[in-house]
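Fold and geometry: a report
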Amino acid sequence: MSYKLWYWSSVQGRGEFVRLPLEAAGIAYRDCAREQGDDALVANMAAHERHGPFAPPYLELDGMVVAQVANILMFLGERHGLAPSNMADRLWLNELQLTIADLVAEVHNVHHPISGSLYYEDQKDAALAAANAFRAERIPKFLGYFEAALDAHPGDWLIDHRWTYIETSLFQIVEGLRYMFPRRMAAIEAHYPGLIRIHGQVAELPGIRAYLKSDRRIAFNTDGIFRHYPELDAA
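Everything in this summary refers to the structure shown in the same document. (Residues numbered from 1 in each chain as written. Predicted model: local features only at pLDDT ≥ 70, side-chain atom pairs only at ≥ 80, totals over all residues. Heavy atoms only, no water.)

What follows is about the packing of aromatic side chains. Under the definition given, this model contains seven aromatic pairs. Here the aromatic residues Tyr-179, Phe-220 and Phe-226 are joined through ring pairs into a cluster of three or more. The ring of Trp-163 has Arg-162 lying over it, and the distance from NZ or CZ to the ring centre is 5.2 Å. (Phe/Tyr/Trp six-rings, centres within 6.5 Å; stacked < 30°, edge-to-face > 60°. Lys NZ or Arg CZ within 6 Å of the ring centre and 35° of its normal.)

See below:
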């Protein structure tokens, strides 16, 4: 069994939140657009007339399509033991993942505050104002929430004394914010020791360690969601 993962070929983006647990757990998958090109992704997405995805990422398996990051991860979590067995805990993990989706949307809106159809260069003044507010207010709001969630559960991991897909998503949040706002993150990381500890533990998982050293890990760039523009960063 091998999943078909469909996402844009040249960016980490939302697809990375799916790649990371697949890599960490050693689950076989094909990164289809990287093999076949983005035109193949567009064609494949259009071919799903019933229950088709609104946008990538999505997984294909045995004629089934699963789209939206939180939905995909809940599916993988239950199918591959990457989530707790208790229903209340599984729903809580999904709640956390949906909160991460909110954060990712706000990250994107920092550099595209007016419209996603405009280039960054066409909205730089608005992006500067958005970045100032995001750095000052929203990063502490979100990271503080995740830190409190970690504090509420003793143990090396968030829950069940082993990693789940939430930890790989939190790893990506830290990675992305460090790339996007290196000065800001350097100034505030000490306030979130649990989150930084989880980031380090995920980085040392054998599957993740191998993935980060491979060419399967696409580098951050200014076409993705997490984008580094020096003029938007400050401590």
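Next, the rest of the story.
Among the secondary structure elements, His-111 is positioned in helix 5 (residues 87–111). Residue class for His-111 comes out buried when judged on its relative accessible area of 0%. Among the polar contacts made by the side chain of His-111, one reaches the main-chain carbonyl oxygen of Ile-225 at a distance of 2.6 Å. Sequence-distant contacts of His-111, defined by excluding residues within four places in its chain, comprise Tyr-120, Gln-123, Ala-127, Met-180, Gly-224, Ile-225, Arg-227 and Tyr-229. (Helix = DSSP H or I, 4+ residues; strand = E, 2+ residues; numbered from the N terminus. Buried < 20%, exposed > 50% of the residue type's maximum accessible area, 1.4 Å probe, protein only. Polar contact = N/O pair within 3.5 Å; in protein donor to acceptor, adjacent residues only side chain to side chain. Contact = heavy atoms within 4.5 Å.)

Packing of helix 5 against helix 6 (residues 124–151) leaves a shortest axis separation of 9 Å and a crossing angle of 165 degrees. Considering their axes alone, helix 5 and helix 6 lie roughly antiparallel with respect to each other. The two elements helix 5 and helix 6 meet at a crossing, and its hand is left-handed. Here Trp-92, Glu-95, Leu-96, Thr-99, Ile-100, Asp-102, Leu-103, Glu-106, Val-107, Asn-109, Val-110 and His-111 of helix 5 lie close against helix 6, whose contacting residues are Ala-127, Ala-130, Ala-131, Phe-134, Arg-138, Phe-142, Tyr-145, Phe-146 and Ala-149. Across the contact of helix 5 with helix 6, the residue classes tally to 14 nonpolar, three polar and four charged. (Axes fitted to C-alpha atoms, helices over the stretch in contact; angles between N-to-C directions. Parallel < 35°, antiparallel > 145°, perpendicular 65-115°, else oblique. Left-handed = near helix turned anticlockwise from the far one by under 90°. Nonpolar A, V, L, I, M, F, W, Y, C, P; charged D, E, K, R; others polar.)

Now for the packing of helix 4 (residues 69–80) against helix 5. For the pair helix 4 and helix 5, interaxial distance at closest approach is 9 Å and the crossing angle is 150 degrees. Comparing the axis directions of helix 4 and helix 5 gives the class roughly antiparallel. For the pair helix 4 and helix 5, the crossing hand works out as right-handed. Here helix 4 contributes Val-69, Ala-70, Leu-73, Met-74 and Glu-78 to the contact with helix 5, which in turn contributes Arg-90, Asn-94, Gln-97 and Leu-98.

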